[in-house]
Each structure stands twice: as C-alpha cells, then as structure tokens.
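Structural overview for review
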Amino acid sequence: MDAQEEPGNAAAFSAAPVGQPLRISVNSQARLRVITLAGAVQLDQAAELRNRLVAAVEPHAPDLIIDLSELAFMGSTGLSALLAARSEALRHGGRVHLVAPRPAIAGLLRVVRLDRLFPIHDRLTDALKALGQTAE
Amino acid sequence: MQIPEEFGVRESDLVEMVIPTDLKSAKESEARIMGELARHHYSDDVTFAIKLALEEALTNAIKHGNRNDASKRLVVRYAVNPQQTVIMVRDEGPGFRPRKVPDPTADENLERPNGRGIMLMHAYMTRVRFNEAGNEVWMLKKNRETPLPSPPRQ
C-alpha cells in the first residue's frame, strides 16, 4: 500500500455514513424515553451505547423507543446493546420498540431474527401509539 | 494456514498489520481497510458487509482469542481491489471449533447477548474459511456492484 494515500483514504471513509461516530440523543417523555441513534456504532462505542440504553430505562418509565432512522451501521456488539436494553426494560415491566431502521440495519435484524424480539415501526408516531403514548 | 486457493490472491498482494489486542488498534486497522474500499468506490451495501464481518472477526480475536491480553498481538492481512476484498485475522489464542458454536438464530438462543459473530461473517461475506485450530479466519467478499473507474495508483 502506498502510505501517502492513506490519509486521503481514511478521510474518505470517515466521511462515509458507516464511518461516522455514533451520536445518541434522549428525549424524555412522561412514561417513556425516545432514544435516537445516528451515525454508526463503531468498534469502541458499543459499551457506551449499552450503558446509555440501559440507563435510559427507569422504573417509572420503563418503555423505550429506539429511533434507528439515522443509524448507518451496527454490528453484533450493537445488537447486544439493544438486547441489554430490552432485558432491562423487561425487568421493569417495560418494552423496547424500534423505529425506521434503514434497509441495511433492517436486513441485519432479520438475518439474526431479532425482528422476532423487537417490534419495528415505520414511523415514530406508530411506535408511540403502540406503546399507548401520543407525541409530545 | 496458507491463503485459500479459491480466494485468488498471492502473498505479494497482501498488506499485513500486526496490532496490539485492543479496540483502539483494531479500529485503526479497520479504518485502513475501509479507506481502501472507499478508494475503490465500493458501494454502501458491500462496505457495510465487509465492515460488519471485519468487526466480528476482530472482536472475536480480541475477546475470545486473545482474551483481552495486552501482551498478545493480532495479525490482520488484507488485499483490496475493484473486484474483491480478502481479509485475514489471526489471534494467539488456542482457537475454537466454529461448527460447535450454537445457532444464534434458534428460538432458544435469540435472547443471548453474544454468539452472532461467526454466523454474521458467513451471512455477509462470499466465503469464510477457518484454519484447523480456529484462531485464523480468511474472508472473501466479491464486489458484485459494477465498480466505478479507480484512479491510477501513484
């Protein structure tokens, strides 16, 4: 490999959707939390994702909606984080629903059959309705 | 393990990286390979597949192979061209038997937090081969998309 090409190549990758760092935002509503994931779950970010998702489950608001519409990539460590959130939610009598995964992420969920464990909605309003909430 | 013959690469085609057993180093090695995919204008779908399989291989090697032992090293070898990508990941662990890994898509295993890496490598790559010991994996991905012209190498 030509070492002089590497910075440009790495920059091209960093600019690509799957090269973006993960961004997590939390919208707290009365009885649930809406977590929006954007960018890509990078190798060294899965632990942070897991911690943030699990921490978002609260005894008085155990339902989670995870909006995946801006997420370009995750691997099995990201899937493990979703499962950890689900486990925590179930422990408190809650549920975890997913919203609008991009085709690649939707395909990943189907391949590992986690679409059997996570209800998946096309729109946030559908997920809110399914969990007995209205948009705030 | 020798390069699988059906992968169609020679020793001289491969770039080798020897890295410490940590996620930061693994991420840097991944970025080099992903940069090569970008240089050859791989599609988003093929890039997703290769990144996924590479991360599963690296994660397995760090966590299960070298057991996060900082004194051990990983060897990553790769060759990227417009037609295909070949990647090898080797750890210093005792290895394992891939066929003994429980099917993560079986109903009774769906809620398990781990155990999907091997299955995902097979699902997303064109070919996957492990050595006898199970501590070295070779992966091939054909770039089925029509590649755009690649700039000439300097």
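Residues numbered from 1 in each chain as written. Chains lettered and ligands numbered in written order. Predicted model: local features only at pLDDT ≥ 70, side-chain atom pairs only at ≥ 80, totals over all residues. Heavy atoms only, no water.

Examining the overall build of chain A
A count of helical and extended segments in chain A gives five helices and five strands. Every one of the 136 residues in chain A was classed for burial, and the buried ones make up 53%. Roughly 5900 Å² of accessible area belongs to chain A as shown, and the carbon and sulfur atoms make up 50% of that amount. (Helix = DSSP H or I, 4+ residues; strand = E, 2+ residues; numbered from the N terminus. Buried < 20%, exposed > 50% of the residue type's maximum accessible area, 1.4 Å probe, protein only. Areas by Shrake-Rupley, 256 points an atom, 1.4 Å probe, with all protein chains shown as cover.)

Here's the deal with the interface of chain A and chain B
Each side of the interface is counted separately: chain A has 33 residues, and chain B has 36 residues. In this structure, the connection of chain A to chain B is made through three salt bridges. For K27 of chain B, the salt bridge identified is with D44 of chain A, shortest N-O distance 3.4 Å. Mapped onto the side of chain A that touches chain B, the elements with two or more residues apiece are α1 (6–15), β3 (63–73), α3 (76–91) and α4 (103–111) of chain A. Take the side of chain A that touches chain B: its biggest share by element is six residues, from α3 of chain A. (Contact = heavy atoms within 4.5 Å. Salt bridge = Lys/Arg side-chain N within 4 Å of Asp/Glu carboxyl O.)

Structural notes on the pattern of salt bridges
Here the idea is simple: oppositely charged side chains can pair when their charged atoms come close. Considering all chains together, one arrives at 17 salt bridges over all chains under this definition. One salt bridge connects E111 of chain B with R86 of chain A, and the closest N-O pair in it is separated by 3.0 Å. In this pair, E111 of chain B sits in the loop between β3 (84–90) and α3 (117–124) while R86 of chain A sits in helix α3, so the two residues belong to two different chains. In this structure R86 of chain A comes out as buried when scored by relative accessible area, which is 15%.

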